[in-house]
Amino acid sequence: MSGMAQQVLDEAPKALIAALIPAFQLLWKWFKNRDLQARKDALRTRIVQLADQKGSLAKVHELPHGNELVDDLDKELTDSMERLATLRVAVAAPPKNPSDRPFVARLFLLFAPSGFLAWTLHTLFFVNVAILGFGLIGVLADWGEDPDSPYGLLGLAIFAIPAFVFRAIAIKIAKAQTQRPGIA
């Protein structure tokens, strides 16, 4: 096998490890959205139940504490509707601007992207960073013994350029998405 093919085979596990990061981001985003939908569905069901109970308690005002019961039911119904409205607003909120994120989150793209191109760039960035990290460990491990170690660092520096390009484009896309109305 040629040297380049062997190197690709040697680096493949590192690339797969790096590809797990965006996969976990996608899974986390899906899980949070699913959890949000379940909470919204539960609140809608609860609101319907409370409204039905309120309609069936028309004559409860005649009881000694009937007004208190109706008031309590009204308060619970209002609270449930406000919680549902809050969840709806949370879903409709635009994505957070990358410049508002912490430095480390911006540096390593530690936010869930939106859209196929953004996901692709995040994946390429993480694959590149993983290969750079493992490569740096390899170069530093042989630093005192290998006279070509400085050339290895130079090669890693050159290989870091695509990571910076992927990161810059991903940040630009994320900023553009925050400026477009209606993106959730």
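Quick caveat: nothing in here was measured; it's all calculated off a predicted structure. (Residues numbered from 1 in each chain as written. Predicted model: local features only at pLDDT ≥ 70, side-chain atom pairs only at ≥ 80, totals over all residues. Heavy atoms only, no water.)

**Observations regarding helix α5 (residues 149-179)**
Inference 1: Here α5 spans 45 Å end to end across 31 residues, near enough to the 45 Å set by a 1.5 Å rise per residue.
Inference 2: When α5 is considered as a whole, its buried residues turn out to be Ser149, Leu156, Ala160, Ala163, Phe166, Ala170, Ile171, Ile173, Ala174, Gln177 and Thr178.
Inference 3: Among the structural elements, α3 (103-107) and α4 (116-141) are those in contact with the buried residues of α5. (Helix = DSSP H or I, 4+ residues; strand = E, 2+ residues; numbered from the N terminus. Expected span 1.5 Å × (residues − 1). Buried < 20%, exposed > 50% of the residue type's maximum accessible area, 1.4 Å probe, protein only. Contact = heavy atoms within 4.5 Å.)

**Observations regarding the packing of aromatic side chains**
Inference 1: Summed over the entire model, instances satisfying the criterion amount to one aromatic pair.
Inference 2: Ring geometry for phenylalanine 125 and phenylalanine 126: centres 5.4 Å apart, planes at 70°, overall edge-to-face. Both residues of the pair, phenylalanine 125 and phenylalanine 126, count as buried. (Phe/Tyr/Trp six-rings, centres within 6.5 Å; stacked < 30°, edge-to-face > 60°.)

**Observations regarding unusual backbone geometry**
Excluding glycine, residues mostly carry a negative phi; peptide bonds, for their part, are mostly trans.
Inference 1: The phi angle at leucine 109 is positive, at roughly 50°, despite the residue not being glycine.
Inference 2: Structurally, leucine 109 is set in the loop between α3 and α4.

**Quick word on a nonpolar patch on the surface**
Inference 1: A cluster of nonpolar side chains, namely Leu20, Phe24, Leu27, Trp28, Trp30 and Phe31, defines an oily patch on the protein surface of about 710 Å² accessible area.
Inference 2: You can see phenylalanine 31 is positioned in helix α1 (residues 3-56). (Patch = residues over 30% accessible without salt bridge, like charges linked within 9 Å, V, L, I, M, F, W, Y side chains within 5 Å. Areas by Shrake-Rupley, 256 points an atom, 1.4 Å probe, with all protein chains shown as cover. Salt bridge = Lys/Arg side-chain N within 4 Å of Asp/Glu carboxyl O.)

**Re a negative patch on the surface**
Inference 1: A cluster of acidic side chains, namely Asp142, Glu145, Asp146 and Asp148, defines a negative patch on the protein surface.
Inference 2: With respect to the element layout, aspartate 146 can be found in the loop between α4 and α5.
Inference 3: Here aspartate 146 falls in the partly exposed class, since its relative accessible area comes to 33%. (Lys, Arg positive; Asp, Glu negative; His and termini not counted. Charge placed at Lys NZ, Arg CZ, Asp CG, Glu CD.)

**Quick look at the nonpolar core**
Side chains of a nonpolar character, in soluble globular proteins, are inclined to be buried together.
Inference 1: Formed by 20 residues in total, the largest nonpolar core has its most connected members in Ala18, Leu109, Phe111, Leu121, Phe125, Phe126 and Leu132.
Inference 2: Looking at this core, the elements with two or more residues in it are α4 and α5.
Inference 3: Broken down by element, the residue count for this core peaks at nine residues, all from α4.
Inference 4: Ignoring anything within four residues of it in the chain, the contact list for leucine 109 reads Gln25, His122, Phe125, Phe126, Arg167, Ala170 and Ile171.
Inference 5: The next biggest cluster of nonpolar side chains, apart from the first, holds eight residues, and it includes Leu36, Ile47, Leu73 and Leu77. (Core = buried A, V, L, I, M, F, W, Y, C linked by side-chain atoms within 4.5 Å.)

**Brief notes about the confidence of the model for the chain**
Keep in mind that low pLDDT regions are not for reading the predicted coordinates in detail.
Inference 1: Across the chain, pLDDT averages 80, with 88% of residues at or above 70.
Inference 2: Mean pLDDT across the elements of the chain bottoms out in α1 (77) and peaks in α5 (90). (pLDDT = per-residue confidence, 0-100.)

**So, the packing of α4 against α5**
The geometry of a pair of packed helices is captured by two quantities: the angle between their axes and the separation between those axes.
Inference 1: At a minimum axis separation of 9 Å, α4 and α5 run at an interaxial angle of 160°. Between α4 and α5, the angle is such that the two are roughly antiparallel. α5 is crossed by α4, and the crossing has left-handed handedness.
Inference 2: In terms of residue class, the contact of α4 with α5 is built from 20 nonpolar, five polar and one charged. (Axes fitted to C-alpha atoms, helices over the stretch in contact; angles between N-to-C directions. Parallel < 35°, antiparallel > 145°, perpendicular 65-115°, else oblique. Left-handed = near helix turned anticlockwise from the far one by under 90°. Nonpolar A, V, L, I, M, F, W, Y, C, P; charged D, E, K, R; others polar.)

**As for α4**
Inference 1: A rise of 1.5 Å per residue sets the reference length of α4, with its 26 residues, at 38 Å; its end C-alpha atoms lie 37 Å apart and thus fit the reference within 8%.
Inference 2: Turning to α4, its buried residues are Ala118, Trp119, Leu121, His122, Phe125, Phe126, Val127, Asn128, Ala130, Ile131, Leu132 and Val139.

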